Every structure is written in structure tokens, then in C-alpha cells.
Amino acid sequence: MQSLTKQPACSVQARVGAANGRRVLVVRAQTASSSAVESISGVRPEVVEAIAAARKNCLTATNLPLPNRRQGKVRDTYDLGDRVVIVTTDRQSAFDRLLASVPFKGQVLNQTAAWWFQQTAHIIPSALLSLPDPNVAIMTKCKVFPVEFVCRGFMTGSTDTSLWTHYKAGARQYCGNSFPDGMRKNDRLAANVITPTTKAEDHDVPISPKEIVEEGLMTQEDWDAVSAAALKIFTFGQAEAAKRGLLLVDTKYEFGKDAEGNIRIIDEVHTPDSSRYWLADTYAARHAAGLEPENIDKEFLRLWFRQRCDPYKDAVLPEAPAELVCELSKRYVYLYERITGQSFQVPDLNTPINDRIVANLHNAGLC
């Protein structure tokens, strides 16, 4: 199994482009454990080396000296009463399962979300108060709407709740939206849509806006306000992504109300985990040729599991190959730098992440 600190043996199917003055190279590397891995350049060599070094030192669980811990798929939340401490771990989740732990994923998601919270504050306020640690966000406590707002601009996806999965099975009405016959996978939609799901710990379920109101999950007034804000954030994100040579394909948002009744966005925004990104300049040609878009997201890992098991039903899943895990970490870092324009700061690898978090929370007066 090859390390990403070495140049892989590749049958090079290279595509060189430029975005914001940066050279982008995508190559298709043949490996023994995975049929095809898209290896993306543009990440500094010292970061690539750090990714390989950190693969066995990921943040997979937390046990902070704080009360009321709740573990989600990726985030651990500690309830302090009027505030919550949210720790973004390196756990990689899909198909409602833990697939792997990805170096620096938590830091990238946390810092990317903070950047987008700031950029979208003109649309709706966020619950973010501070970032005392690269993996930690202090948030205003909100009563969370039990609905995930999934915004889509393309007909795509591979999970049970994806638009393409349902369309391919014959559905033309989905979550209150209508779609015409004759669409192909990865087609651009005529307009952005919201396909909401229930927010559940085990398995999200698609639901229509009408059902959301009828079942009392949200009032009509709150649905109207939040769905409008979600579409505005998504449209804004697509415009910003386009400036960086990217297509923001789909994403999800979560919202809640603070103690004063103000609606706030409370979860990650346009991160590599919550969103699908494609490279814009090759999308049209590849789609016309029946090829999958060049992507910079976690879809390739989902597809790897899909090809080798039933990730929804199999009791034991195969272990994700190291090169796939490291490649995904590179993509997280690459998207962070490309979107924010900031250089990813490698943390001290000699300090256990939990110890670092406790020290930083202590310095912030939180424990």
C-alpha cells in the first residue's frame, strides 16, 4: 500500500487547469486496493507528509471534562446551558455508518464552517460565538428544527436519500418537487430545489414541506423563512464557488431558534463534508461524454464501499484503504484553501488532540 508521501504509479489521465492563479492537476492512479483513485495536487508537500503522519492519530472520540455529552455522526456536543461546545471529530460518516477516520478532517470542517458563517451573515445570523481550538466551536444554544435542509442544483447522488437514487427508481415527485422525464445522472436542474429530510440519529427520511407542517415539525411561517434563507445561502455559495472554478452541487443546512426566538444557522456551511463540489471547467465535456464529473468531495469513498458491500445492511464493512483515506484528507485541505484563500495550518502532531483541546478550553475559561 503506497504512502501519499511518494509519487504513486499512475496511468496518467491528467487534466491541468487554473483557478485563482493556482495550478490544479488531477491524475487517475491505479492501486492494488482500489480500482481508481483521483489524486489531486495543489496541497503543499509538508501538508501531504503531515496527513500521512497523522493517519494513526485522528480524533475519533472525545471525553472532555464537560457535562452533558452527546455523540453524533461526526460531532460531539457538550451542553453548558446557554451555550454548547461542539467538537468536530475526524470521523467519516456515510450510509448512516462510520466508514473511517480522516486526518485533519475535523479541523477543516470547523474552520471552513466558521469562514462561511462570516460570509453569509448578511443572509442569516449563525449561532457561532468563538473557536477556542481548531476542532472546537462555541455556539449559542438553540432549539433545533428537526429537519435537514438539503439544497440541490444537480440530479446526482448515491445514497438512499439522494435525488438520483429516487429518480432512477421512477420517482418524478420528490419532497414536494417535480422533475421531468428524460433526465440523466449529473444533469443540472432547471432551478435549485430543497429536498428536506427528517433529522434523525440513525437514518434520515425524505419528507415534503407539506408533511413537515402537518406533522408539526415546523410552523408554516418558520418553514417559509428558513427555506427561503437556505436557498439564498445556497445560491450565494454557488456564486462564490464559481469564482473559484468550482460547482457547488448540493449541500445541507441545519437551523434553530435561540432563546430570543431568532432563527440561526447552527451547523456546517458548504464544507467538504456537507457539500458536493465538482470542477467547473470540465463538467460540460465530461457530462456530454457520459463520464462522472471531476469531484473534490467524499463521493469516491462512498462509491468504493458501494462497489464492495451493502453499507446499509452488512454487519461488518471492509476497511477503507489508506490511500483513499489520505486522498480524502488532501481534498478536504485543498477545498479549505481554495475556498477561503487561507493556508491550512498543520497542528502540533506531537500533542494528542484531546489534550490540546482540553488545554485550549481551559485557557478560554470553559473547563
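Scoring rules and cut-offs
- Sequence order as written defines the numbering, with residues in each chain counted from 1.
- Whole-chain, interface and lining totals are the exception, using all residues; otherwise, since this is a predicted model, local features are given only for residues with pLDDT of at least 70 and side-chain atom pairs are given and counted only at 80 or more.
- Only hydrogens and water are removed before side-chain values are computed, so all heavy atoms of the structure are retained for them.
- Secondary structure follows DSSP: runs of H or I at least 4 residues long count as helices, runs of E at least 2 residues long count as strands, and numbering of each begins at the N terminus.
- Exposed residues in this analysis have more than 50% of their type's maximum accessible area, buried residues have under 20%, and partly exposed residues fall in between, with area computed by a 1.4 Å probe over protein chains only.
- Under the convention used here, a 1.4 Å probe and the Shrake-Rupley method define accessible areas, while residue burial counts only the protein chains that appear.
- To estimate the expected span of a helix, count its residues, drop one, and scale the result by 1.5 Å.
- A pair is scored as a salt bridge if a Lys or Arg side-chain nitrogen falls within 4 Å of a carboxyl oxygen belonging to Asp or Glu.
- Pairing between strands requires that DSSP locate at least two bridges from one strand to the other.
- Convention adopted: a line fitted to C-alpha atoms gives each axis, helices being fitted over their contacting stretch, and angles between N-to-C directions are expressed from 0 to 180 degrees.
- In what follows, a contact means two residues having at least one pair of non-hydrogen atoms within 4.5 Å.
- Put simply, a nonpolar core is a bunch of buried Ala, Val, Leu, Ile, Met, Phe, Trp, Tyr and Cys residues held in one set by side-chain atoms that sit within 4.5 Å of each other.
- The rule is short: rings of Phe, Tyr and Trp, with Trp giving its six-membered ring, pair when the centres are within 6.5 Å, and they are stacked under 30 degrees, edge-to-face over 60, tilted in between.
- Whether a charge sits over a ring depends on NZ of Lys or CZ of Arg being within 6 Å of the ring centre and within 35 degrees of the ring normal.
- Looking at any residue, its pLDDT shows the predictor's confidence there, from 0 to 100.

Draft legend 1. Spatial organisation of the overall build of the protein. On a plain count of helices and strands, the protein comes out with nine helices and 20 strands. Counting all 367 residues of the protein, 53% fall into the buried class. Split by element, the accessible area of the protein, about 15800 Å² in all, is 51% carbon and sulfur.

Draft legend 2. View of helix α5 (residues 220-243). Look at α5: 35 Å from first C-alpha to last across 24 residues, which is about the 34 Å you get at 1.5 Å a residue. For α5, the full list of buried residues reads D222, W223, V226, S227, A229, A230, I233, F234, G237, Q238, E240 and A241.

Draft legend 3. Broad picture of the pattern of salt bridges. In this structure the tally under the stated criterion is 27 salt bridges. D76 is the salt-bridge partner of R91, the closest N and O atoms lying 2.8 Å from each other. Taken together, the residues span a long stretch of sequence, with R91 in strand β7 (residues 91-94) and D76 in strand β5 (residues 75-79) at a distance of 15 residues. Taken individually, R91 and D76 each receive the classification buried, so the pair is uniform in this respect.

Draft legend 4. Geometry of the sheet that holds strand β18 (residues 255-257). What the three strands build is an open sheet, ordered β11-β18-β19; its pairing is antiparallel. A single partner strand is all that each edge strand has here, and the edge strands are β11 (143-144) and β19 (263-265). In terms of strand pairing, β18 meets β19 through three bridges, oriented antiparallel. Bridge assignment links K257 to a residue of β19, and that residue is I263.

Draft legend 5. Examining the sheet that holds strand β9 (residues 128-133) more closely. If you walk across this open sheet you meet the five strands as β4-β5-β6-β10-β9, and the pairing is antiparallel. Each end of this open sheet is capped by a strand with a single partner; those strands are β4 (69-71) and β9. On average, adjacent strands in this sheet sit at an angle of 25° to one another, irrespective of strand direction. Against the sheet, helix α2 (residues 105-119) makes contact with β5, β6 (83-88), β9 and β10 (136-140), and its axis sits at roughly 145° relative to β9, the strand it touches most.

Draft legend 6. Representation of the nonpolar core. Residues F149, Y253, F255 and F305 are the most contacted members of the largest nonpolar core, which totals 71 residues. In contact with F149, not counting residues within four places along its chain, are I194, M218, W223, V226, S227, A230, T251, K252, Y253 and F255. Grouped together as the second largest cluster of nonpolar side chains are 12 residues, Y78, V136, I138 and L361 included.

Draft legend 7. Quick peek at the packing of aromatic side chains. One pass over the structure, following the stated rule, counts 13 aromatic pairs. An angle of 85° between the planes, with centres 5.0 Å apart, marks the rings of W115 and W116 as edge-to-face. W116 carries the same exposure label as W115, and that label is buried. Measuring from ring centre to ring centre gives 6.4 Å for W116 and F236, while their planes differ by 85°; the resulting arrangement is edge-to-face. Pair noted here: W116 is in helix α2 and F236 is in helix α5, with a separation of 120 residues, a long-range link. Assessed through its relative accessible area of 1%, W116 is described here as buried. One aromatic cluster is present, formed by F149, W223, Y253 and F255 through successive ring pairs. In this structure, R172 is placed above the aromatic ring of Y167, and the distance from its NZ or CZ to the ring centre is 3.7 Å.

Draft legend 8. Just the environment of I266, in detail. Turning to its location among the elements, I266 is positioned in the loop between β19 and β20 (276-279). Sequence-wise, I266 and L128 are 138 residues apart; in three dimensions their C-alpha atoms are separated by 7.4 Å. Once you skip the residues sitting within four places of it in the chain, I266 turns out to touch F117, A127, M139, C142, V144, E254, F255 and G256.

Draft legend 9. The confidence of the model for the protein, seen in detail. The share of residues in the protein with pLDDT of 70 or more is 89%, and the mean pLDDT across the chain is 88. Considering only residues more than four positions removed or in separate chains, one finds that residues 1-35, a stretch of pLDDT under 50, has 88 contacts.

Draft legend 10. Spatial organisation of the environment of W278. Within the element layout of this structure, W278 appears in strand β20. The buried category is assigned to W278, whose relative accessible area is 3%. Counting along the chain gives 32 residues from W278 to L246, while the straight-line C-alpha distance between them is 5.7 Å. Setting aside residues no more than four positions away along its own chain, W278 makes contact with F154, T156, N186, G245, L246, L247, V249, Y283, P293, E294, N295 and D297.

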